[in-house]
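Observations on the three-dimensional arrangement
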Amino acid sequence: MNSITTPSYSVHFNEKAYVALNNHLAKSNYSKIFILVDENTHNCCLPIFMSKIEGEYDFEIIEIEEGEINKNIATCTQVWEVLSELDADRKSAMINLGGGVVTDLGGFVASCFKRGIDFINVPTTLLSMVDASVGGKTGVDLGPLKNQVGVINQPQIVVVDTDFLDTLDQRQLNSGYAEMLKHGLITDASYWETLKGLSGFDNLDEYILRSVAIKNEVVQQDPTEQHLRKILNYGHTLGHAVESYFLESEEQELLLHGEAIAVGMILEGYLSHKLTGLSKSALEDIKATFLGRYKKVDFEKKDIDTILALLKFDKKNSHGNINFVLLKKIGEPAIDIKVTPDLLEKAFAYYAE
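Residues numbered from 1 in each chain as written. Predicted model: local features only at pLDDT ≥ 70, side-chain atom pairs only at ≥ 80, totals over all residues. Heavy atoms only, no water.

As recorded in an unreviewed UniProt entry, the protein chain goes by the name 3-dehydroquinate synthase, listed as coming from Arenibacter algicola. On record in UniProt, under Function (unreviewed entry), the comment for the protein chain is "Catalyzes the conversion of 3-deoxy-D-arabino-heptulosonate 7-phosphate (DAHP) to dehydroquinate (DHQ)." (UniProt positions renumbered as here; feature names shortened; annotations may be inferred.)

Take a look at the structure:
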């Protein structure tokens, strides 16, 4: 696999990634290097990562509790306090070794501590490799509301080591796969067809590279999400609301990000069919593909009402309008589409059929 270069940093893959990382650490002369992990990556990934580091460095390990429920300001405060206690200064750096929670939160913590210290992302889940590795979005949730507080700030370097995928269960792999499928839906119909045809997750390197390249191409054209970058949110307007609802509910089992986004892509596929010209056959293809891989979620009327109420917190909203990214056809998106409440309810009815 090759590296992918953005205007301010590079994403490096597998063994070449560690060459780049070791070169960066050797020349940077950091006063201290902090490695942020959660319980899972501390046990499963940190030993692998440390075995690839050349040279002697003053590493400090900071562990947070795993899971989206801990991606909040309270966890940030705890990490900031540890950084202060361990005498971190502006010449320190943070390596975020984990999935999207660790890289999102760690990037935000680093971006704010002493008005910004360097950080390096080492994504360890399929989702974080294809999603959080590019774009510089950092941040945390506000209660159950996804990514309400954060900044766009770029890492120094990103290390993608696909050996970490061996530490994941099938459900986690499926969660990341939903984002890859999304990349096909919004930019490349042939990529969508290719991914649909994969029967397992044994040899994903070339597809991870393709997904990272797709996201990088979009982000380079619109770094601050004023226009084109919004297409990356296909499935996320309703998907994030679904994810937030299940995060807050005491009665419902938590949904992983990709599982919620899979629901969102079917729902927004229906809206696309009604509003932006997506064909009936393409809609049925989207629905069959996602329901073939992801367990169908049962929604009661009260669930749907609460989910729709959460839409007002979506970050793409402006001037009181809820703005959707929809599809004209597979591979061709449309942005800033407004949707009436009755159509949203019909989308859930379609999903339930």
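What follows continues from the structure just given.
Mapped onto the elements, Asp38 comes out in strand S3 (residues 33-38). Residues Asp38 and His12 lie 26 residues apart in sequence; the distance between their C-alpha atoms is 23 Å. Excluding residues within four positions of it along the chain, Asp38 makes contact with Glu63, Ile64, Glu65, Glu66 and Val102. Among the polar contacts made by the side chain of Asp38, one reaches the main-chain amide nitrogen of Thr41 at a distance of 2.8 Å. (Helix = DSSP H or I, 4+ residues; strand = E, 2+ residues; numbered from the N terminus. Contact = heavy atoms within 4.5 Å. Polar contact = N/O pair within 3.5 Å; in protein donor to acceptor, adjacent residues only side chain to side chain.)

Moving on, we come to the UniProt feature "domain: 3-dehydroquinate synthase N-terminal" (unreviewed entry) in the protein chain. The UniProt entry lists residues 62-174 under the feature "domain: 3-dehydroquinate synthase N-terminal" (unreviewed entry), expressed in the numbering used here. In residues 62-174, the share of helix is 34% and the share of strand is 28%. The end C-alpha atoms are 28 Å apart.

Moving on: the pairing of S3. With six of six residues buried, S3 is to be regarded as a mostly interior element. Here S3 shows two buried faces, one formed by Ile33, Ile35 and Val37 and the other by Phe34, Leu36 and Asp38. Where S3 meets strand S4 (residues 59-64), six bridges bridge the pair, whose relative direction is parallel. Residue pairing in the sheet places Asp38 in a bridge with Ile64 of S4. One ladder, built from four bridges, connects S3 with strand S5 (residues 93-98); its direction is parallel. Bridge pairing links Phe34 to Met94 in S5. (Buried < 20%, exposed > 50% of the residue type's maximum accessible area, 1.4 Å probe, protein only. Pairing = 2+ DSSP bridges.)

Let's shift gears to a positive patch on the surface. Together, Arg90, Lys91, Lys114 and Arg115 make up a positively charged patch on the protein surface. Residue placement: Lys91 occurs in the loop between helix H4 (73-85) and S5. Taking the relative accessible area as the measure of exposure, Lys91 reaches 61% and is therefore exposed. (Patch = residues over 30% accessible without salt bridge, like charges linked within 9 Å, V, L, I, M, F, W, Y side chains within 5 Å. Areas by Shrake-Rupley, 256 points an atom, 1.4 Å probe, with all protein chains shown as cover. Salt bridge = Lys/Arg side-chain N within 4 Å of Asp/Glu carboxyl O. Lys, Arg positive; Asp, Glu negative; His and termini not counted. Charge placed at Lys NZ, Arg CZ, Asp CG, Glu CD.)

Now for the domain arrangement of the protein chain. Assigned domains of the protein chain: these are domain 1 (4-167) and domain 2 (184-193 + 223-352). Every contact between the two is made by 13 residues of domain 1 and, on the other side, 13 residues of domain 2. Taken together, both faces of the contact between domain 1 and domain 2 bury some 1200 Å²; the carbon and sulfur share is 60%. Taken together, the links from domain 1 to domain 2 amount to two salt bridges. Where domain 1 meets domain 2, there are four residue pairs in polar contact (both at pLDDT 80 or more). Looking at which element gives the most residues to the side of domain 1 that touches domain 2, the answer is strand S8 (residues 145-152), with five residues. When its residues are assigned to classes, the side of domain 1 that touches domain 2 shows five nonpolar, four polar and four charged. (Domains from an automatic or database assignment. Buried area = accessible area lost by both parts, 1.4 Å probe. Nonpolar A, V, L, I, M, F, W, Y, C, P; charged D, E, K, R; others polar.)

With that settled, the discussion passes to the packing of helix H10 (residues 236-248) against helix H11 (residues 257-275). Packing of H10 against H11 brings their axes to within 7 Å, and their N-to-C directions diverge by 135°. Between H10 and H11, the crossing angle belongs to the class labelled oblique. In this structure, the crossing between H10 and H11 has a hand that is right-handed. Across from His236, Thr237, Leu238, Gly239, His240, Val242 and Glu243 in H10, the residues of H11 making contact are His257, Ala260, Ile261, Val263, Gly264, Leu267, Glu268 and Leu271. Broken down by class, the residue content of the contact of H10 with H11 amounts to seven nonpolar, six polar and two charged. (Axes fitted to C-alpha atoms, helices over the stretch in contact; angles between N-to-C directions. Parallel < 35°, antiparallel > 145°, perpendicular 65-115°, else oblique. Left-handed = near helix turned anticlockwise from the far one by under 90°.)

Summed over all chains, the structure comprises 20 salt bridges. Note that Glu68 and Lys146 form a salt bridge whose closest N and O atoms lie 3.0 Å from each other. Of this pair, Glu68 sits in the loop between S4 and H4 while Lys146 is found in strand S8, placing the two residues 78 residues apart along the sequence. Just as Glu68 is buried, Lys146 falls in that class too. Among the salt bridges present, the one from Lys215 reaches Asp131, with a minimum N-O distance of 3.0 Å. Taken together, the residues Lys215 in helix H9 (residues 205-221) and Asp131 in helix H6 (residues 126-132) connect sequence positions 84 residues apart. Look at Lys215 and you get buried, because its relative accessible area is 8%. Linked through salt bridges whose partners overlap, the residues forming this network are Glu68, Lys71, Asp104, Lys146 and Glu243.

Right, let's get into the packing of aromatic side chains. When we look at a pair of aromatic rings, we describe it by the centre distance and by the angle of the planes. Inspection of the entire model under this criterion finds eleven aromatic pairs. Ring geometry for Phe246 and Phe299: centres 6.2 Å apart, planes at 85°, overall edge-to-face. Placement of Phe246 in helix H10 and of Phe299 in the loop between helix H12 (280-293) and helix H13 (301-310) is noted, with a sequence separation of 53 residues between them. Through a chain of ring-to-ring contacts, the aromatic side chains of Tyr245, Phe246, Phe299, Phe348 and Tyr351 assemble into a single cluster. Above the ring of Tyr350, the side-chain terminus of Lys287 is found at 4.1 Å from the ring centroid. The side chain of Lys296 reaches across the aromatic face of Tyr351, ending 6.0 Å from its centre. (Phe/Tyr/Trp six-rings, centres within 6.5 Å; stacked < 30°, edge-to-face > 60°. Lys NZ or Arg CZ within 6 Å of the ring centre and 35° of its normal.)

Moving on to the packing of H11 against H12. Contact geometry of H11 with H12 gives a least axis separation of 9 Å together with a crossing angle of 170°. For the element pair H11 / H12, the angle class is roughly antiparallel. Residues Ala262, Met265, Ile266, Gly269, Tyr270 and His273 of H11 form the contact with H12, whose participating residues are Lys280, Leu283, Ile286, Lys287, Phe290 and Leu291.

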